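The chain contents come next:
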There are 2 protein chains.
Amino acid sequence: MNKPKAVILLSGGLDSVTALSLAKENYQCYALSFSYGQRHDAELNAAKNIAEYFEVAEHRILNIDLGQLGGSALTDQAIDVPETPTEGIPVTYVPARNTIFLSYALAWAEVLNAHDIFIGVNAVDYSGYPDCRPEYIDAFSKMANLATKTAVEGNPINIHTPLIKLTKAEIIKLGIEHGVDYAMTVSCYAANDQGKACGRCDSCQLRKKGFEEAGDQDPTRYA
Amino acid sequence: MNKPKAVILLSGGLDSVTALSLAKENYQCYALSFSYGQRHDAELNAAKNIAEYFEVAEHRILNIDLGQLGGSALTDQAIDVPETPTEGIPVTYVPARNTIFLSYALAWAEVLNAHDIFIGVNAVDYSGYPDCRPEYIDAFSKMANLATKTAVEGNPINIHTPLIKLTKAEIIKLGIEHGVDYAMTVSCYAANDQGKACGRCDSCQLRKKGFEEAGDQDPTRYA
């Protein structure tokens, strides 16, 4: 029997790739990435290579320019990516990003007749974004099950967040067990044209610490 | 004192324009429209004219091609718009459309530091889309208030649905009281290049019935 279909949000970073490696065990994977006005293409190039590596059923990259709305260091060239942690929710937060990404995943799931969506959010070693927390995911899930024809007609949508309660080190160990080559992933908020990481931004620091704690060699290519 | 800001989802149809006319009383209006792969430009042209007519603070049209995902007669040329009502949720339903639209409205609201969003959904004289019902809007609102920095930091987002429990006739009467010229609006799912309505699709039929029941002359330009 064919495996059921699932939509996987794939940024090309460490977490989303690990989520894909887990989904792959039980689902036909439909990977969804976004060109959303990121500062660099390195992450999307990583997503493409990874989708191919994991032989997904299909990989779509939707072009949605969140930079048109502004408000984040990740999409607005006028705001600098900070190198030292800040109090509260940082300027790298992109307004409503996961809500927009999950909404598209929901739409594609409905078109595909898939009832499962994977997102690699994490609320332990993370940047403090509100849309990575379990209570947010639960609320999105409730909304999704009232929003779509598929759900209303009796086939509920499940939002899977297999990494949400893991430390970065635990995520790395799990991914390695499931065949992830982390050299292919890009986490840096300010990677250069060759996809090399800055080693200093919040995301690089969380990633570095993760490899240290996992006791695995950090394969990241630093600039 | 300045009026507070609100984001208004403006399709260019009868309902969204009425919602804008109501919001205008108490808010500085930021109108948001989408080029989402609709079959025709008539609705977007109507949105532009109406935004100008109501002198909104700003009107943005985001280019988001939902047609890339398919699955609806409104965005997929391979699916015909039906002329007779069908059982259940019709093929003109666009998967997760209001969820995607509201997610962008949420993002823009956060960037603008606005705490109010207006959407002209209606659950009385409507096509039966699940994402027009009060329980869906309530669930979106709960999710939104867990999703964003603004909300988490103590400024909740309010989703206003002033038309949700009104009949089409009541909406029309209310809009006329608030200065709407319905000749400027386009509701038809299959309008022609000149913005003239087919008069036969589900949306045209609901609109016609609304003007009849309101006892007002139907200003719609039919092909």
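Residues numbered from 1 in each chain as written. Chains lettered and ligands numbered in written order. Predicted model: local features only at pLDDT ≥ 70, side-chain atom pairs only at ≥ 80, totals over all residues.

Looking now at the interface of chain A and chain B. Tallying the contact residues gives 33 residues for chain A and 33 residues for chain B. Ranked by the residues each element gives to the side of chain A that touches chain B, the list is headed by helix 3 (residues 97-112) of chain A, at nine residues. The class makeup of the residues in the side of chain A that touches chain B is 22 nonpolar, six polar and five charged. (Contact = placed C-beta atoms within 7 Å. Helix = DSSP H or I, 4+ residues; strand = E, 2+ residues; numbered from the N terminus. Nonpolar A, V, L, I, M, F, W, Y, C, P; charged D, E, K, R; others polar.)

Residue and element names in this part refer to chain B. With parallel pairing, the five strands of this open sheet are ordered in space as 3-2-1-4-5. The open sheet has two free edges, formed respectively by strand 3 (58-63) and strand 5 (158-160), since each of these has just one partner strand. Strand-to-strand, the axes of this sheet are offset by a mean angle of 25°, without reference to chain direction. Sheet analysis places strand 4 (residues 116-118) next to strand 5, joined by three bridges and oriented parallel. Looking across to strand 5, one finds that Ile-117 is bridged to Ile-159. (Pairing = 2+ DSSP bridges. Axes fitted to C-alpha atoms, helices over the stretch in contact; angles between N-to-C directions.)

Attention shifts here to helix 1 (residues 14-23) of chain A. Since the α-helix advances by 3.6 residues per turn, residues separated by three or four positions end up pointing in the same direction. Residues and elements named next belong to chain A. Among the ten residues of helix 1, ten are classified as buried, and the element is accordingly described as predominantly covered. Here helix 1 has its buried residues at Leu-14, Asp-15, Ser-16, Val-17, Thr-18, Ala-19, Leu-20, Ser-21, Leu-22 and Ala-23. Turning to helix 1, the residues buried within the fold contact strand 1 (5-9), strand 2 (28-35), helix 2 (42-53), strand 4 (116-118), helix 6 (168-177) and helix 7 (202-214). (Buried ≥ 20, exposed ≤ 12 C-beta atoms within 10 Å, placed from the backbone.)

Residue and element names in this part refer to chain A. Within the secondary structure layout, Thr-18 lies in helix 1. Distance in space between the C-alpha atoms of Thr-18 and Gly-120 is 7.4 Å, their sequence separation being 102 residues. In this view, Thr-18 contacts Gly-120, Leu-163, Ile-171, Leu-174, Gly-175 and Val-180; residues no more than four positions away in its chain are not counted.

A separate point is the sheet that holds strand 5 (residues 158-160) of chain A. Residues and elements named next belong to chain A. Spatial strand order, 3-2-1-4-5: five strands in an open sheet with parallel pairing. On the outer flanks of this sheet lie strand 3 (58-63) and strand 5, each paired with one strand and no other. Across the sheet, the mean angle from the axis of one strand to that of its neighbour is 25°, orientation sign disregarded. For strand 1 and strand 2, the ladder comprises five bridges, and the chain directions are parallel. When the sheet's bridge partners are listed, Ala-6 is paired in strand 2 with Cys-29. Those strands touched by helix 3 are strand 1, strand 2, strand 3 and strand 4, and its axis lies near 160° from that of strand 1.

On to the relation of the copies chain A and chain B. For the match of chain A to chain B, the screw axis carries a shift of 0.0 Å, the RMSD comes to 0.0 Å, and the turn is 180°. When the rotation and shift are considered jointly, the pair of chain copies conforms to a two-fold rotation axis. Interface overlap between copies is the fraction of interface residues in one copy that are interface residues in the other; for chain A against chain B it reaches 100%, indicating a shared surface. (Least-squares fit on C-alpha atoms with pLDDT ≥ 70 in both.)

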